[in-house]
Structure formats: structure tokens, C-alpha cells
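# An overview of the molecular structure
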Amino acid sequence: MGGSRTAGGLRTEECGRSRPPLWTRDFRLFFAARTTSLLGDAMLPVAVTAAVLRAGFGTSGVGYALAALVGPFAALIIFGGVLSDRFGARRLMVVSDAARLGSQLVLALLFVLGAPQLWQILVLLALIGAGGAVFQPGVASIIPRIAHDVQKANATLRIAESVTVVIGPSLAGLLLVVSAPATVVALDALTYAVSGACLLALRSVPMGAVPRQVVTSFRADLVEGWREFRSRTWLWSVIVVFMLWQLAGAGPTLTLGNSTLVTDYGESVFGLVMSALGVGSVLGGIVAIRLRPRRPLRAGAVAMTLWAGMPLSVALALPAPAVAACYAVSGVGMAFWSVMFHTSVQTHVPQDVLGRVHAYDAAGSLVMKPVGQAVAGPLAVVVGTVPLLSVAAVLALVTCALLLAIPSVRGLGRAER
């Protein structure tokens, strides 16, 4: 695409030719849809964590609640990928927004009527997670259709996501001081309405699926997606490694780290630390816009070593400013890795199977996360929070070392679409 390589392997633009603009009408609409939806998503975990702890369900209850949100997503996203490719990404995303809008309005109503039972919270969060499983495959499918520069689009969306991480928890924490969790949940529901309206207004992406020459069954589509996924060693290798990271690294860190921040530092500090993580993610996204490594997954794996600072800072009981700084640095590494990985998937996988392949990689990446979240609380009672968070920090470094040890991962080159 419009470029040549120098002797050193860096891409340069051809004379007199520049890339088409990123901010087209459809990209602006898609950007608005994702940003408003992600803002609500950033607020919801803060509200749920505070509500579950205040209701007396403890750290284990927080783990169950977060697992209920992620578990159905990981379990159903593969089917969401098939549905997205069969019936159209945009259509499924609009349906998902409508379903999540209804589920969260019911949850908000339960909070208004009184403290809901834990099982009620878990059921509604599971429905929200299931809606996300239908929504997410479409994100990967739509980005290459509306953006000529896929890496820049991913980095821009990552920055927007990071900004919502900065604003969302702080806003949720402020609302929790002056209002009830129902307020946060209701505002989150409204963001799904905005997202659905923006997606309905897209022009360049059809509402239905691209017509096929051969009609295939649901099972055949599922098998084809799996075949495409497993044929790429670099892709399934990353997912296998990240299953370990989610189980022993990210899962315990989210449950124990967030709970410890709330109980030991206070809800306001928790919100500020999450905001620091968002600031770091913004910086990571900016770096990803500017830096185009020839080996994106290699560069991303090196950057991910910074993530170890998250669990380690909480395990060491560092002062709040130091914890916030560690989370910010971790955010840089996480954001850069995310852009490098998603861009690699979206540029190396054919469009007609992208939804299914992305669904398989997302499911594999997340399937162990709810397990790690759910067992972290009970396990911490037995062995202690500090040892578990220390293990999570070590596993983060082990994960990066494993990624760099796999030839197909560290050697994967850039692909322009």
C-alpha cells in the first residue's frame, strides 16, 4: 500500500502520495459509538465492586461478580463470531446494544428498589457479558472496512478507550459519593443507546452480511473459523500463553488488586489509580500511532513486561502515589501490546473469516480470566493476598518471555491492508 522499504526495512511513503484521512464520517460515528459505550463499561466495575462490598459479600463476592460479567463473554463469543459473519457485524452490534440496554436498566431498577441479592446481580451481569460476546466480533470486522490505516485506527480507538478509563472510574467514584450505584448503572445503560444509534447511522458497512456464493451451515462456519485460527501458529501460540497469564496474572490482580485498593486505600484512591492506568494507556496509544515496528508482536511483548508493576505495587503496599505511577507505566505496556496484536490479526486474516477468527482469539484470551477471578478470593484466604499478587507479577514476566521464545510470534512481520 503506497509505500516502499528502505535498506533498513522501514516503510516510507511514495512521493506525492499520502494515506486517505482517518476521520471519515463513518469512522467518526464508529468512534462515538465505541467511546460512549466504553465510558459506561469503565464506570460499571467501580459501581459493582463498591455495591458488592457494601452489601457484605466480601472479596469473594467481587470475584464472582466480575467473573459473571466475563465468563459468558468468553464462553459465547465464538458463537458471536459465527453470527457476525453470517448475519452482518453491524446488525449484531445494534442488537447487542439493545439487549445490554435492557439488562442494565433492570439492574438499575433493582438497586433503586433496594439492595439486590447476589444471584440477581450475577444473572444480570451474565446477560450483559453475553451481549458483549455478540458485539465484540463486529468491532474487529468493521475497523478494516472504515479505516485505511488499521494500526492508526486501532491506536486512536485505544486512546479513546484509555480516556474513558481515566474519566469513567473517577466519575463513578464521584457519583457513588453523592448517589447510589443505580445512578452509575443507569448512565451506563444510556451509553449503549448512544452506541446503537451511531452504529445505525453508518453508511459504508452493510447492515447484513456480504452475500455468499455457497450457503454453509452454522457448524461448517464454526469449523472454518477454527481451521483459519489454528493454521496461524503465531496466533494460537499467543492465545495459549495468555490463557496462563489470565489464570495466574490478570485474574487475581483484578480481583485482589481492586479489592485491596478499595478496602486499604479507599474508593477515591481506587478511582484515581484506575485513572492513572488510563493515562498510561493513552500514552501507550500515542506511542503506537507514531511507532511502526517491523516485528509488531516482538515489540509488543517487550512492552508488556511493564504490566508486572500493577500487582507488584499492591503486593508491596506502596504509597498511593507510587501505586498510581506503577499502574500508569503498566498502562503504557498494555496499550502498546493491544494495538500491535489487534492490528496484526486484522491485517493478516481475510475479511470474510475475520469475525470468527477474532472470536476464537478473544475466547481463548479470556476463558481463564473468570476462573482466575473466581478462585482468587478463596485462595487468598488460604495463602494470603500478597503471595498471590507476587505470583501474578512473576507470571507477567514469564508470559512475555514465552512470547519472545516462540519464533512465529517474535518473527511476525507487518502487513498493510
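Refer to the structure presented above.
Reading guide: rules and limits
Position labels on residues start from 1 in each chain and follow its written sequence. In view of the model being predicted, local features appear only for residues whose pLDDT reaches at least 70, and side-chain atom pairs are presented and counted only at 80 or more, with totals across whole chains, interfaces and linings using the full set of residues. Calculation of side-chain values draws on the structure's entire complement of heavy atoms; hydrogens and water are dropped beforehand. Every angle, taken between N-to-C directions, lies between 0 and 180 degrees, and every axis is a line fitted to C-alpha atoms, over only the stretch in contact when it is a helix. Runs of E in the DSSP output that reach at least two residues are strands. Runs of H or I that reach at least four are helices, and both are numbered from the N terminus. Geometric relationships in this document are graded by angle, where less than 35 degrees denotes roughly parallel, more than 145 denotes roughly antiparallel, 65 to 115 denotes roughly perpendicular, and other angles denote oblique. Here is the rule for handedness: rotate from the far helix to the near one, and if that takes an anticlockwise turn smaller than a right angle the crossing is left-handed, while a clockwise turn gives right-handed. Note on definitions: a residue-residue contact is assigned when non-hydrogen atoms from the two residues lie within 4.5 Å. Asp, Glu, Lys and Arg are counted as charged, while Ala, Val, Leu, Ile, Met, Phe, Trp, Tyr, Cys and Pro are counted as nonpolar; the rest, among them Gly, fall into the polar class. Patch definition: residues with relative accessible area over 30% and no salt bridge; like charges joined within 9 Å; nonpolar side chains (Val, Leu, Ile, Met, Phe, Trp, Tyr) joined within 5 Å. In this description, accessible areas are obtained by the Shrake-Rupley approach with a 1.4 Å probe, and a residue is regarded as covered only by the protein chains that are shown. Between Lys or Arg on one side and Asp or Glu on the other, a salt bridge is scored when a side-chain nitrogen of the former is within 4 Å of a carboxyl oxygen of the latter. Categorising residues by exposure relies on relative accessible area from a 1.4 Å probe, with only protein chains included: less than 20% of the type maximum marks a residue as buried, more than 50% marks it as exposed, and the intermediate range marks it as partly exposed. Ring pairs are drawn from Phe, Tyr and Trp, using the six-membered ring of Trp, whenever the two centres fall within 6.5 Å, and their geometry is named by plane angle: stacked under 30 degrees, edge-to-face over 60, tilted for the rest. Here, a charge over a ring is recorded when the distance from Lys NZ or Arg CZ to the ring centre is within 6 Å and its angle to the ring normal is within 35 degrees. By nonpolar core we mean a set of buried residues, namely Ala, Val, Leu, Ile, Met, Phe, Trp, Tyr and Cys, connected to one another through side-chain atoms within 4.5 Å.

Where helix α8 (residues 233-265) contacts helix α12 (residues 320-348), the two axes come as close as 14 Å, and the packing angle between them is 155°. Here α8 is positioned roughly antiparallel relative to α12, judged by the angle of their axes. When you trace α8 past α12, the crossing you get is left-handed. Residues Trp234, Leu235, Val238, Ile239, Phe242, Leu261 and Tyr265 of α8 lie in contact with α12, whose contacting residues are Ala320, Val323, Tyr327, Trp337, Phe341, Ser344, Val345 and His348. Along the lines of polarity and charge, the residues of the contact of α8 with α12 split into 13 nonpolar, two polar and no charged.

There is a patch of nonpolar side chains on the surface, built from Val163, Ile167, Leu171, Leu174, Val177 and Val178 and spanning about 540 Å² of accessible area. With respect to the helices and strands, valine 163 occurs in helix α5 (residues 150-178).

Moving on: the packing of α5 against helix α9 (residues 267-290). In a packed pair of helices, the relevant descriptors are the angle between the two axes and the axis-to-axis distance. Direction vectors running N to C along α5 and α9 enclose 165°, while the axes themselves pass 7 Å from each other. By the angle between their axes, α5 is roughly antiparallel relative to α9. Taken as a pair, α5 and α9 cross one another with a handedness that is left-handed. Residues Gln151, Ala155, Thr156, Arg158, Ile159, Ser162, Val163, Val165, Val166, Pro169 and Ser170 of α5 touch α9, and the partners they reach there are Gly271, Met274, Ser275, Gly278, Val279, Ser281, Val282, Gly285, Ile286, Ala288 and Ile289. Its residues placed into classes, the contact of α5 with α9 shows twelve nonpolar, nine polar and one charged.

Let's shift gears to the environment of alanine 75. Considering the arrangement of structural elements, one finds alanine 75 in helix α2 (residues 58-87). Residue class for alanine 75 comes out partly exposed when judged on its relative accessible area of 49%. Sequence separation between alanine 75 and alanine 130 is 55 residues, and the spatial gap between their C-alpha atoms is 8.4 Å.

Within this structure, the stated rule accounts for eleven aromatic pairs. Consider the rings of tryptophan 245 and tryptophan 307, whose centres lie 5.0 Å apart with planes at 75°: the pair is edge-to-face. Pair noted here: tryptophan 245 is in helix α8 and tryptophan 307 is in the loop between α10 (296-304) and α11 (309-315), with a separation of 62 residues, a long-range link. Taking the relative accessible area as the measure of exposure, tryptophan 307 reaches 3% and is therefore buried. The positively charged end of arginine 100 is found above the aromatic ring belonging to phenylalanine 135, 4.7 Å away from the centroid.

Let us look at the nonpolar core. Membership of the largest hydrophobic core comes to 57 residues, with the highest contact counts inside it found for Tyr327, Trp337 and Phe341. If one sorts the elements of this core by residue count, α8 sits on top with eleven residues. The contacts of phenylalanine 341, once residues within four sequence positions are left out, are Trp234, Leu235, Val238, Ile239, Leu297 and Asp361. Residues Leu22, Ala89, Met93 and Phe135 belong to the second largest nonpolar core, which totals 21 residues.

Turning our attention to the side chain of serine 103. Residue placement: serine 103 occurs in helix α3 (residues 89-113). For serine 103, a relative accessible area of 11% translates into the label buried. Filtering out sequence-adjacent residues up to four positions away, serine 103 remains in contact with Leu124, Leu127 and Ile128.

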